[in-house]
Amino acid sequence: MDAPDVAVLITDGLSKYPSVTRTQAALAKREDISIISIGIGNETDINELLNIASTAQDVFQVDDYDTFLTLDTLVAERVCSGTFTPQSFKTLLSTWWIT
């Protein structure tokens, strides 16, 4: 069985190039790539997150990075249909931090 193609966008701000962002998200969706968008903090725009995500159910918005880490089960279920454990998702996220 092939794994689904999924992209997870995590942002704490607005796109510098909104039209390019919308175009690239549309191209990815045409290639059957599911997109989950996660906004962290109050510098994000829900409409931009909705435009990027595949569906409204694929949009998450949280107040801070600590709350973001509580999304592990929800996002893991969306990404891997429940086959990815919350703990392995949390471990993966801990390797993604860019400071």
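From a predicted model like this one, the values you see are computed outputs, not experimental measurements.

## A look at the nonpolar core
So, point 1. Counting 9 residues, the largest nonpolar core consists of I36, I38, I40, F60, V62, F68, L71, V75 and V79.
So, point 2. Sorting the residues of this core by element identifies β2 (34–40), β3 (59–62) and α4 (72–80) as the ones contributing at least two each.
So, point 3. Apart from the residues lying within four places of it in its own chain, the contact partners of V62 are G39, I40, G41, T67, F68 and L71.

## Quick notes on the confidence of the model for the protein chain
So, point 1. Residue-level pLDDT values for the protein chain average 81, and 79% of them are 70 or greater.
So, point 2. For the protein chain, the element scoring lowest by mean pLDDT is helix α5 (residues 86–96), at 50; helix α2 (residues 46–52) scores highest, at 95.
So, point 3. Per-residue pLDDT stays below 50 along residues 82–86; that stretch engages in 7 contacts with residues further than four places along the chain or on separate chains.
So, point 4. This stretch, residues 95–99, has a pLDDT under 50; its non-local contacts, to residues over four places away or in other chains, come to 4 contacts.

## Observations concerning the sheet that holds strand β1 (residues 6–11)
So, point 1. The parallel open sheet is built from 3 strands, whose spatial order is β1-β2-β3. Of all strands in the sheet, those with a lone pairing partner are β1 and β3, marking the two edges. Looking at each pair of strands side by side, their axes are set apart by 15 degrees on average, direction ignored.
So, point 2. In this structure, β2 lies alongside β3, joined through 4 bridges in parallel fashion. By the bridge assignment, G39 is partnered in β3 with Q61.

## Focus: the pairing of β2
So, point 1. Of all the 7 residues making up β2, 6 are buried; the element is thus mostly covered by neighbouring parts of the structure.
So, point 2. Handedness of the crossover is the feature at issue here: the chain leaves β1, passes through helix α1 (residues 18–30), returns alongside β2, and the resulting connection is right-handed.
So, point 3. Running through α2, the crossover from β2 to the neighbouring parallel element β3 is right-handed.

## A short note on unusual backbone geometry
So, point 1. Non-glycine residue D32 carries a positive phi angle of around 60 degrees.
So, point 2. Looking at where D32 falls in the secondary structure, it is placed in the loop between α1 and β2.
So, point 3. Given a relative accessible area of 64%, D32 falls into the exposed group.

## Let's talk about the environment of Y65
So, point 1. Secondary-structure assignment places Y65 in helix α3 (residues 65–68).
So, point 2. We classify Y65 as partly exposed; its relative accessible area is 37%.
So, point 3. A C-alpha to C-alpha distance of 9.3 Å links Y65 and D12, two positions 53 residues apart in sequence.
So, point 4. Among the polar contacts made by the side chain of Y65, one reaches the side chain of D12 at a distance of 2.8 Å.

Here is what the cut-offs are and how they apply
- Residues numbered from 1 in each chain as written.
- Predicted model: local features only at pLDDT ≥ 70, side-chain atom pairs only at ≥ 80, totals over all residues.
- Heavy atoms only, no water.
- Core = buried A, V, L, I, M, F, W, Y, C linked by side-chain atoms within 4.5 Å.
- Buried < 20%, exposed > 50% of the residue type's maximum accessible area, 1.4 Å probe, protein only.
- Helix = DSSP H or I, 4+ residues; strand = E, 2+ residues; numbered from the N terminus.
- Contact = heavy atoms within 4.5 Å.
- pLDDT = per-residue confidence, 0-100.
- Pairing = 2+ DSSP bridges.
- Axes fitted to C-alpha atoms, helices over the stretch in contact; angles between N-to-C directions.
- Right-handed = clockwise from strand over helix to strand, strands pointing away.
- Polar contact = N/O pair within 3.5 Å; in protein donor to acceptor, adjacent residues only side chain to side chain.

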